[in-house]
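One letter stands for each residue in the lines below.
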Amino acid sequence: QVQLVESGGGLVQAGGSLRLSCAASGSGFSINAWGWYRQAPGKQRELVATINSGGSTNYADSVKGRFSISRDSTRKMVYLQMNSLKPEDTAVYYCHAALSLYSLSRGYTVNDYWGQGTQVTVSS
């Protein structure tokens, strides 16, 4: 079994910073790509940032220059450093991982996993 657990959300004033963390636990898997997504009240979930196994990143235009995604492959963790936060960044932030999961009978299969979400609130 694989689980993703997020932490680091909270309340911060506009212009402040937060760092979100997400850890993957379990065994028999490797991570192909990580992503951070967010969902504000009344809005669809949107992509914030991604990073693949080679370290290539991409960001939503709304967060470019302010947010940075990074990973620790050994610890199987991903981070989102959020600087210069704005009230419009307020949302529940979700960690996502695309995994290659190994079983003796089936070999490797690709599976998507999501964290439980962590609330980020930016006050004006």
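From a predicted model like this one, the values you see are computed outputs, not experimental measurements. (Residues numbered from 1 in each chain as written. Predicted model: local features only at pLDDT ≥ 70, side-chain atom pairs only at ≥ 80, totals over all residues. Heavy atoms only, no water.)

### Side note on the overall build of the protein chain
Okay, so step 1: A tally of helices and strands in the protein chain yields zero helices and 11 strands.
Okay, so step 2: Start at the N end of the protein chain and walk to the C end: the helices and strands fall as β-β-β-β-β-β-β-β-β-β-β.
Okay, so step 3: Taken over C-alpha atoms, the radius of gyration comes to 15 Å for the protein chain, in line with the 14 Å a tight globule of 124 residues would show.
Okay, so step 4: A sequence separation of at least 24 residues applies to 56% of the contacts in the protein chain between residues at least 6 apart.
Okay, so step 5: Approximately 6,700 Å² of the protein chain is accessible, and the part contributed by carbon and sulfur atoms is 46%.
Okay, so step 6: Distance between charge centres in the protein chain, computed from 11 positive and 7 negative side chains, equals 5 Å. (Helix = DSSP H or I, 4+ residues; strand = E, 2+ residues; numbered from the N terminus. Rg over C-alpha atoms; globule rule 2.2 N^0.38 Å. Contact = heavy atoms within 4.5 Å. Areas by Shrake-Rupley, 256 points an atom, 1.4 Å probe, with all protein chains shown as cover. Lys, Arg positive; Asp, Glu negative; His and termini not counted. Charge placed at Lys NZ, Arg CZ, Asp CG, Glu CD.)

### Comments concerning the sheet that holds strand E1 (residues 3–7)
Okay, so step 1: Taking strand neighbours across the sheet as the criterion, the four strands line up as E1-E3-E8-E7 in an open arrangement whose pairing is antiparallel. Among the strands making up the open sheet, the edge pair consists of E1 and strand E7 (67–72). Recorded for the sheet is a direction-independent mean angle of 15° between the axes of neighbouring strands.
Okay, so step 2: Two elements, E1 and strand E3 (residues 18–25), share five bridges in a ladder whose sense is antiparallel. Its bridge partner being in E3, Leu4 is matched across the sheet by Ala24. (Pairing = 2+ DSSP bridges. Axes fitted to C-alpha atoms, helices over the stretch in contact; angles between N-to-C directions.)

### A few points about the nonpolar core
Okay, so step 1: Trp34, Trp36, Leu80, Met82 and Tyr93 are the most contacted members of the largest nonpolar core, which has 30 residues in total.
Okay, so step 2: If you list the elements that add at least two residues to this core, you get E3, strand E4 (29–39), strand E5 (46–52), E7, strand E8 (77–82), strand E9 (91–103) and strand E11 (118–123).
Okay, so step 3: Among the elements that take part in this core, E9 stands out by supplying five residues, more than any other.
Okay, so step 4: Contact partners of Met82, with chain neighbours within four places excluded, come to Gly16, Ser17, Leu18, Leu20, Arg66, Phe67, Tyr93 and Val120. (Core = buried A, V, L, I, M, F, W, Y, C linked by side-chain atoms within 4.5 Å. Buried < 20%, exposed > 50% of the residue type's maximum accessible area, 1.4 Å probe, protein only.)

### What about the environment of Tyr79?
Okay, so step 1: The topology assignment puts Tyr79 in strand E8.
Okay, so step 2: C-alpha separation for the pair Tyr79 and Ser105, spaced 26 residues apart in sequence, amounts to 33 Å.

### Let's talk about the pattern of salt bridges
Okay, so step 1: Under the definition given, this model contains five salt bridges.
Okay, so step 2: Between Arg38 and Glu46 there is a salt bridge whose closest N-O contact spans 2.8 Å.
Okay, so step 3: Residues Asp61 and Lys64 are paired through a salt bridge, measuring 3.2 Å at the closest nitrogen-oxygen approach.
Okay, so step 4: Residue Asp61 is classed as exposed on the basis of its relative accessible area of 64%.
Okay, so step 5: When salt bridges that share partners are traced, they join Arg38, Glu46, Arg66 and Asp89 into one network. (Salt bridge = Lys/Arg side-chain N within 4 Å of Asp/Glu carboxyl O.)

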